[in-house]
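Results of the structural survey
Here is what each chain is made of, one letter per residue.
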Amino acid sequence: MNVAVILAGGKGLRLGSDTPKQMLILGDKPVIAWSVDTFHKNRLIDKIIIVSEKELIMSIGKIFPEKKYPKISAVIEGGSERLDSSYNAVLSAELKDEDIILFHDAARPFVSGEIINELINGVKETGACGTYVQSTDTIAIVKDNAVEYIPERRNVFSAQTPQGFRYNIIKEAHLYQKEVKKSGITDDVSLVVNYGYTVSVVPGSYKNVKITTEQDLKFAEYLASGVNE
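Residues numbered from 1 in each chain as written. Predicted model: local features only at pLDDT ≥ 70, side-chain atom pairs only at ≥ 80, totals over all residues. Heavy atoms only, no water.

1. Concerning the nonpolar core
In terms of nonpolar packing, the biggest core is built from 27 residues, with Ile 32, Phe 39, Ile 50 and Phe 64 touching the most fellow members. For this core, the secondary structure elements donating two or more residues are strand E1 (2-8), helix H1 (31-41), strand E4 (47-52), strand E6 (100-105) and helix H4 (113-126). The element that contributes the greatest number of residues to this core is H4, accounting for 5 residues. In contact with Phe 39, not counting residues within four places along its chain, are Ala 4, Ile 6, Ile 45, Ile 48, Lys 71, Leu 102, His 104, Val 111, Ile 116 and Pro 162. Of all hydrophobic cores here, the second largest spans 25 residues; its members include Ile 49, Ile 101, Phe 165 and Tyr 167. (Core = buried A, V, L, I, M, F, W, Y, C linked by side-chain atoms within 4.5 Å. Buried < 20%, exposed > 50% of the residue type's maximum accessible area, 1.4 Å probe, protein only. Helix = DSSP H or I, 4+ residues; strand = E, 2+ residues; numbered from the N terminus. Contact = heavy atoms within 4.5 Å.)

2. Topic: the environment of Glu 98
Inspection of the secondary structure assignment puts Glu 98 in the loop between helix H3 (82-93) and E6. Between the alpha carbons of Glu 98 and Lys 124 there is a distance of 8.9 Å; along the sequence they are 26 residues apart.

3. Quick notes on the sheet that holds E1
Across the sheet, 7 strands lie side by side as E5-E4-E1-E6-E10-E7-E11; this open sheet has mixed pairing. Edge positions in the open sheet fall to strand E5 (72-77) and strand E11 (200-203), since each of these has one partner strand only. In this sheet, adjacent strand axes meet at a mean angle of 25° when their direction is disregarded. The sheet contact formed by E6 and strand E10 (residues 157-166) spans 4 bridges and is antiparallel. Each bridged residue has a counterpart across the sheet, and for Phe 103 the counterpart in E10 is Gln 163. (Pairing = 2+ DSSP bridges. Axes fitted to C-alpha atoms, helices over the stretch in contact; angles between N-to-C directions.)

Shown next, in the form of structure tokens:
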């Protein structure tokens, strides 16, 4: 079984909006609906779990009525941090060890079916796989307000979602983190790497933008206008 988890806990504070960013209207539908629709129509996806702020659960349920979205099995409450939300999804999934679970940010509306398919194939081969794009900028590592070193650009990639794992791997990685409580774990890939597992990579897309700032939203609106033409 292949399960997609849509993480929809963002508040959109950096957008300066009272409306959570995943609920903003983009084109003709809420931001969250873009990625949910893409996962729902993908034949490789068997089930979808949406993780949300408690106060938004009813609103999200209205966006995705059961008759139109039969793959959505649950809309559950998230945690205080991203990892807490993904852990809640892991606990609620009730999957077999060999099943595959994908985590995707609701604030990335333009994930493609091709990325989803490649990621699932990557997880089947290696057990853990992330979506990345090569950095187009030179990256500097700065310490104490001074450049410490500059890594080779060909080795520098930006993380995207979805990220995918065999169920037993991501569950064990979460349980390990609960014991060691290591800082600096920002997403599920870093969680699994910290657990000691090698994570393979599939190419993402520069269109797979995450809406964080007002500039990101404007770019997303531009992309959405092209989709709807």
